[in-house]
Amino acid sequence: GAVVSQHPSWVICKSGTSVKIECRSLDFQATTMFWYRQFPKQSLMLMATSNEGSKATYEQGVEKDKFLINHASLTLSTLTVTSAHPEDSSFYICSASFGDSQEQFFGPGTRLTVL
Amino acid sequence: GQNIDQPTEMTATEGAIVQINCTYQTSGFNGLFWYQQHAGEAPTFLSYNVLDGLEEKGRFSSFLSRSKGYSYLLLKELQMKDSASYLCAVRPGGYSTLTFGKGTMLLVSP
């Protein structure tokens, strides 16, 4: 149980375009979803935390107008990278937790390449 | 601020035992996690410690000392498939937010 999916698994886009990444909890209702970014050989860096129906909480240094997060339901959160640039190329990973669970369940990640 | 330190790389041979250390300084503490991450994949949960002591789960064990801000992950009977990055993560506050270390890349050789 506790499966989290992401779509797409990889995407290549032109500079200046916007890209939407979906994160779904398949067999549980996620009260909280997290978005991380990971550059090569670096650790996961938390970008934002979102609860269903409320605005996301962004970490310091993450531009909320550039990385739009929508947590529309208990099973779906989306991250939109607006006006993407090559420096936004990274591995984006979502995770989800529910209730008082100690664990975060991670999605398989989305590899974004901006040309 | 939060600071989590772990070695960058370790090597070991198949069948051996390896211990990966993690030290942390965080504004609070509400649990420490170990995750395994293969290249290009998302992390997978290995263990969780919130009280001092050793938690054993098959070939993997994790130890925590809160007074020392120290944890280790012990891997026994190493297999080639254990070659991966091992991430130490601390939950500083009462909710689920995690702060990750940079990870330890473990290479298991025949």
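For the structure itself, look to the data block above.
Criteria and thresholds
- Residues numbered from 1 in each chain as written.
- Chains lettered and ligands numbered in written order.
- Predicted model: local features only at pLDDT ≥ 70, side-chain atom pairs only at ≥ 80, totals over all residues.
- Heavy atoms only, no water.
- Pairing = 2+ DSSP bridges.
- Helix = DSSP H or I, 4+ residues; strand = E, 2+ residues; numbered from the N terminus.
- Axes fitted to C-alpha atoms, helices over the stretch in contact; angles between N-to-C directions.
- Salt bridge = Lys/Arg side-chain N within 4 Å of Asp/Glu carboxyl O.
- Buried < 20%, exposed > 50% of the residue type's maximum accessible area, 1.4 Å probe, protein only.
- Contact = heavy atoms within 4.5 Å.
- Buried area = accessible area lost by both parts, 1.4 Å probe.
- Polar contact = N/O pair within 3.5 Å; in protein donor to acceptor, adjacent residues only side chain to side chain.
- Disulfide = S-S within 2.5 Å.
- Phe/Tyr/Trp six-rings, centres within 6.5 Å; stacked < 30°, edge-to-face > 60°.

K.L.:
It is not clear to me how the sheet that holds strand S7 (residues 67-73) of chain A should be interpreted in this structure. Could you clarify?
P.N.:
Within a sheet, neighbouring strands are paired by backbone hydrogen bonds and run either parallel or antiparallel to one another. All names here are of chain A. Taken together, the four strands give an open sheet; going across it, the order is S1-S3-S8-S7, and neighbouring strands pair in antiparallel fashion. Single-partner strands in this sheet number two, and they are strand S1 (4-7) and S7. Sheet twist, expressed as the average angle between the axes of neighbouring strands with direction ignored, equals 15°. As paired elements, S1 and strand S3 (residues 19-25) share four bridges and run antiparallel to each other. Across the sheet, residue Ser5 finds its bridge partner in S3, namely Arg24.

K.L.:
Hey, could you run me through the pattern of salt bridges in this one?
P.N.:
Two side chains carrying opposite charge are able to pair once their charged atoms lie near each other. Residue and element names in this part refer to chain A. Applying the stated criterion to the full structure yields five salt bridges over all chains. For Glu22, the salt bridge is made with Arg24, and the minimal N-O distance between the two is 3.5 Å. Note that Asp88 and Lys66 form a salt bridge whose closest N and O atoms lie 2.9 Å from each other. You can see Asp88 sitting in the loop between strand S8 (76-81) and strand S9 (90-97) and its partner Lys66 sitting in the loop between strand S6 (57-58) and S7, a full 22 residues away along the chain. Asp88 sits in the buried class, given a relative accessible area of 5%.

K.L.:
I keep staring at the pairing of strand S11 (residues 110-114) of chain A and nothing clicks. Help me out?
P.N.:
Both faces of the sheet carry side chains from a regular strand, because those side chains alternate between them. Residue and element names in this part refer to chain A. Of the two faces of S11, the one holding Thr110, Leu112 and Val114 is buried and the one holding Arg111 and Thr113 is not buried anywhere. When S9 meets S11, the two strands line up antiparallel, connected through three bridges. Looking at the pairing, Tyr92 lines up with Thr110 of S11.

K.L.:
Looking at this structure, I do not really get the interface of chain B and chain A. What am I missing?
P.N.:
Many structure descriptions define interface size as the accessible area lost when the parts assemble. Between chain B and chain A, the residue contacts involve 18 residues of the former and 23 residues of the latter. With both chains or domains summed, chain B and chain A bury close to 1500 Å², and 53% of this area falls on carbon and sulfur atoms. Seen at the junction of chain B and chain A, the total is zero salt bridges. Remark: the boundary between chain B and chain A carries three residue pairs in polar contact (both at pLDDT 80 or more).

K.L.:
Just to check I follow, could you spell out the state of the cysteines for this structure?
P.N.:
Here, the word disulfide means a covalent bond between the sulfur atoms of two cysteines. In this structure the tally under the stated criterion is two disulfides over all chains. With its sulfur 2.0 Å from that of its partner, Cys23 of chain A forms a disulfide with Cys94 of chain A. Given an S-S torsion of about 80°, the disulfide between Cys23 of chain A and Cys94 of chain A has right-handed geometry. A residue pair is termed long-range when its members are at least 10 positions apart, and Cys23 of chain A in strand S3 and Cys94 of chain A in strand S9 qualify at 71 residues. Residue class for Cys23 of chain A comes out buried when judged on its relative accessible area of 0%. Judged by relative accessible area, Cys94 of chain A falls into the buried class, the value being 0%. Here Cys22 of chain B connects covalently by a disulfide to Cys88 of chain B, the sulfurs 2.0 Å from one another. One disulfide, between Cys22 of chain B and Cys88 of chain B, carries an S-S torsion of -70° and so falls in the left-handed class. Taken as a pair, Cys22 of chain B in strand S3 (residues 18-25) and Cys88 of chain B in strand S9 (residues 84-90) lie far apart in primary sequence, 66 residues in all. Here Cys13 of chain A stays free of any disulfide, with the sulfur of Cys94 of chain A as its closest cysteine sulfur at 18 Å. With relative accessibility at 10%, the residue Cys13 of chain A sits in the buried group.

K.L.:
In this structure, what is going on with the side chain of Ser43 of chain A? I would like to understand it.
P.N.:
By the secondary structure assignment, Ser43 of chain A is in the loop between strand S4 (32-38) and strand S5 (45-51). The exposure class assigned to Ser43 of chain A is buried, which follows from its relative accessible area of 4%. Each residue touching Ser43 of chain A, except ones within four places of it in the same chain, is listed here: Arg37 and Gln38 of chain A together with Leu87, Phe100, Gly101 and Lys102 of chain B.

K.L.:
I'm lost on the sheet that holds strand S7 (residues 60-65) of chain B in this one. Help?
P.N.:
All names here are of chain B. Ordered by their spatial adjacency, five strands build an open sheet running S1-S3-S8-S7-S6, and the pairing between neighbours is antiparallel. One side of each edge strand has no neighbouring strand; the edge strands of this open sheet are strand S1 (3-5) and strand S6 (53-57). Strand-to-strand, the axes of this sheet are offset by a mean angle of 15°, without reference to chain direction.

K.L.:
Which parts of the structure should I look at to understand the packing of aromatic side chains?
P.N.:
The geometry of an aromatic ring pair is captured by two quantities: the separation of the ring centres and the angle between the planes. Residues and elements named next belong to chain B. Taken as a whole and assessed by the stated rule, the structure comprises 17 aromatic pairs over all chains. Taking the centre distance of 6.3 Å and the plane angle of 65° together, the rings of Phe33 and Phe45 count as edge-to-face. Within this pair, whereas Phe33 is found in strand S4 (residues 32-37), its partner Phe45 is found in strand S5 (residues 44-49), the two being separated by twelve residues in sequence. Residue classification places Phe33 among the buried positions, given a relative accessible area of 1%.

In short, the description is geometric, and any link to function would need to be established separately.
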